[in-house]
Amino acid sequence: TTLGSDVKNTGQVVMAQTFSTGSALSSGASAANATNVVIPANSQIIDIVLDCPTAMGNATCVFSIGDTVGGNATFVNSFSITVASGAGRKYPTTEAGGALAWADTGTSDVKLTWTSTGATNAGEVRATILYQQNNNLA
């Protein structure tokens, strides 16, 4: 009942994992690509940030992030990265797909995948997923 004596000052630690598309976008559309990113069960995704160190070339890249079990667009569904937007940081929100999936990833670990559509012939995306491990809000 008293702060500093018998009321704990605790919280969750925010974790982050990142994957890159590498040069794969230079070939245009890309089917499901498994990553090494595994989000632990019962985690809460706080944010997904996309960094583009090199701009898209030729056409818009429509980028999705999913998982190997739930589908290719579970977390980000068809986020457009235009040629005109250039290099830099992009911020898809839960409106870009998967709001309920962000709230709680479920009772199993989730291995992420990414897909892209469009005739992009250059560019790279580095996706960073920030999450609270085992927050279990379900």
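The structure reproduced in this document is the subject of the present report. For clarity, every value in this text was computed on a predicted model and none was experimentally measured.

### Focus: the side chain of Asp 51
For step 1, the next point in the chain: Here Asp 51 shows up in strand S3 (residues 44–52).
For step 2, the next point in the chain: Within the structure, the side chain of Asp 51 is placed 2.7 Å from the side chain of Arg 89, a separation counted as a polar contact.
For step 3, the next point in the chain: Leaving out residues up to four positions away in the same chain, Asp 51 has contacts with Gly 88, Arg 89, Glu 124, Val 125 and Arg 126.

### Comments concerning the packing of aromatic side chains
For step 1, the next point in the chain: A full pass over the atoms with the stated rule returns one aromatic pair.
For step 2, the next point in the chain: Seen from their ring centres, Phe 63 and Trp 114 are 5.7 Å apart, and the 25° between their planes marks the pair as stacked. A residue pair is termed long-range when its members are at least 10 positions apart, and Phe 63 in strand S4 (residues 61–67) and Trp 114 in strand S7 (residues 110–117) qualify at 51 residues. In this pair, the class of Phe 63 matches that of Trp 114, namely buried.

### Things to note about the pairing of strand S5 (residues 71–81)
The two faces of the sheet receive side chains in turn, since in a regular strand these alternate between them.
For step 1, the next point in the chain: Sheet topology places S4 next to S5; five bridges connect them, and they run antiparallel. Among the inter-strand pairings, Phe 63 is bridged to a residue of S5, identified as Phe 79.
For step 2, the next point in the chain: If you look at the hairpin formed by S4 and S5, you'll find three residues sitting between the two strands.

### Observations regarding the sheet that holds strand S8 (residues 126–132)
For step 1, the next point in the chain: Spatial ordering of the open sheet is given by S1-S8-S3-S6, a layout of four strands whose pairing is antiparallel. Because the sheet does not close on itself, it has two edges, and the strands there are strand S1 (14–20) and strand S6 (88–90). Adjacent strand axes in the sheet meet at a mean angle of 25° when their direction is disregarded.
For step 2, the next point in the chain: Strand direction decides the pairing type here: S1 and S8, joined by seven bridges, are antiparallel. Its bridge partner being in S8, Ser 20 is matched across the sheet by Arg 126.

### Comments concerning the pattern of salt bridges
For step 1, the next point in the chain: For the structure shown, the criterion picks out two salt bridges.
For step 2, the next point in the chain: Residue Glu 124 is joined to Arg 126 by a salt bridge in which the shortest nitrogen-to-oxygen separation is 3.1 Å.

Cut-offs applied
- Residues numbered from 1 in each chain as written.
- Predicted model: local features only at pLDDT ≥ 70, side-chain atom pairs only at ≥ 80, totals over all residues.
- Heavy atoms only, no water.
- Helix = DSSP H or I, 4+ residues; strand = E, 2+ residues; numbered from the N terminus.
- Polar contact = N/O pair within 3.5 Å; in protein donor to acceptor, adjacent residues only side chain to side chain.
- Contact = heavy atoms within 4.5 Å.
- Phe/Tyr/Trp six-rings, centres within 6.5 Å; stacked < 30°, edge-to-face > 60°.
- Buried < 20%, exposed > 50% of the residue type's maximum accessible area, 1.4 Å probe, protein only.
- Pairing = 2+ DSSP bridges.
- Axes fitted to C-alpha atoms, helices over the stretch in contact; angles between N-to-C directions.
- Salt bridge = Lys/Arg side-chain N within 4 Å of Asp/Glu carboxyl O.

Take it as geometry only, folks, not as evidence of what the structure does.
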